[in-house]
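Listed below are the residues making up each chain.
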Amino acid sequence: MNIIQWQQGRWVSAETIALTQEVLTGRGVFETILVEDQVPLFLEEHLTRLLNSCTISGLLFPDLDAIRVGVNKLVESHGLAPRARLRVTFFGGDDLVLSVVDIDAWPPSASVVLAPWTRNAHSAIAGAKSVSYAENVVALDWAQSLGFSEALFLDASGHLSEASTSNIVLVIDEVAVTPGLTTGCLPGITRSVLLELGLVIEAEIDVKDLEQASSAALLSSTRGVQPIHSAAVGGSEWIFDVSCDRLQLMGDSYLARVRLEKESWARLPKESRPT
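Here the structure is a predicted model, which is why all the values come from computation and not from measurement.

## Description of the layout of surface pockets
Empty space among the atoms becomes visible once a probe the size of a water molecule is rolled across them. Here the largest pocket defines a volume of roughly 1,000 Å³. Taken together, 45 residues line the largest pocket, and the ones lying closest to its centre are Phe30, Lys129, Tyr133, Ser164 and Thr165. Secondary-structure elements contributing two or more residues to the lining of the largest pocket are strand E3 (29–36), strand E5 (83–90), strand E6 (96–102), helix H4 (134–145), strand E9 (160–163), helix H5 (189–196) and strand E13 (215–220). Examining the composition of the lining of the largest pocket, we find that four residues originate from one element, H4, more than from any other. A breakdown of the residues in the lining of the largest pocket according to their chemical character gives 17 nonpolar, 20 polar and eight charged. Of the voids in this model, the second largest pocket is the one considered here, and its volume is about 390 Å³. Lining the second largest pocket are 23 residues, and of these Arg223, Gly224, Val225, Gln226 and Leu255 lie nearest its centre. Of all the elements in the fold, those that place two or more residues in the lining of the second largest pocket are E3, strand E14 (224–233) and helix H7 (245–267). A total of seven residues in the lining of the second largest pocket trace back to one element, the largest contributor, which is H7.

The following block contains the structure:
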């Protein structure tokens, strides 16, 4: 892993993070950006969401130009594999850290299980991508210990919210639906792209809708659109069609947007990029 930290107006290599009050209490925000073929995908969308997370968490905004410079520095110097995960972590003030690590592609499909815990839509930091991530990690570890890829959360009203590290979309009667932000789910970048393209709509989703769904997928910046092949709820399990036309359209359309991101980056003169 390659890590750099913003110190006294410049980026320097780092191995440790200072134990500030914000770090100790988990009052920080982060973004996870997929770097593919040396391109940080949807960088500006991630930075916009980072600012929104700062607003929710009561943090002053970071220097976005400094982040852009740091992202470019890592992309240029790391010698990345075809796919890498770049993380922007901010604890307020000058406490800004960037890290990057090579990653493999996700499996072609995933399995999910309903978690015994609920997502708190009324949390003080609902909607923020917070470093206070233990709840998600515990749920993910629990699901994987049972042989599943991801854990699903309901909100307190019994509506489907999201998975522990991704959003979810169901295809019901040929319509692709995803939970609304009122359930406490994160406003994911992949989710936003599909909503903007008109390929997905927001709707209330109950557990019984899992049984009615013909297909489903997990959505995240590193997964893209990953079909779900099975879902377990209590003692029941449903099998989904991983190759339905609607999922294929979402996946192809998202990849088309990714290609546009890469083309736009390639057209930008190198000297015009942040340095």
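## A few points about the packing of helix H2 (residues 43–57) against helix H3 (residues 64–77)
Direction vectors running N to C along H2 and H3 enclose 140°, while the axes themselves pass 12 Å from each other. Comparing the axis directions of H2 and H3 gives the class oblique. Our pair here, H2 against H3, has a crossing hand that is right-handed. When H2 is examined against H3, the residues Leu43, Glu44, Leu47, Leu50 and Leu51 are found in contact with a partner set consisting of Leu64, Ile67, Arg68 and Val71.

## Some words on the packing of H5 against H7
Taken N-terminus to C-terminus, the directions of H5 and H7 make an angle of 105°; their axes are 10 Å apart at the nearest point. As summarised for this structure, H5 and H7 are arranged roughly perpendicular, according to the angle between their axes. Facing Thr190, Val193, Leu194 and Glu196 of H5, the residues of H7 in contact are Met250, Tyr254 and Arg257. Here the residues of the contact of H5 with H7 sort into four nonpolar, one polar and two charged.

Rules behind the numbers
- Residues numbered from 1 in each chain as written.
- Predicted model: local features only at pLDDT ≥ 70, side-chain atom pairs only at ≥ 80, totals over all residues.
- Heavy atoms only, no water.
- 1 Å grid on protein atoms, 1.4 Å probe; cavity = no way out; pocket = protein on both sides within 12 Å on 5 of 7 lines; lining within 4 Å.
- Points joined across faces, edges and corners; volume = space filled by probe spheres on them.
- Helix = DSSP H or I, 4+ residues; strand = E, 2+ residues; numbered from the N terminus.
- Nonpolar A, V, L, I, M, F, W, Y, C, P; charged D, E, K, R; others polar.
- Axes fitted to C-alpha atoms, helices over the stretch in contact; angles between N-to-C directions.
- Parallel < 35°, antiparallel > 145°, perpendicular 65-115°, else oblique.
- Left-handed = near helix turned anticlockwise from the far one by under 90°.
- Contact = heavy atoms within 4.5 Å.

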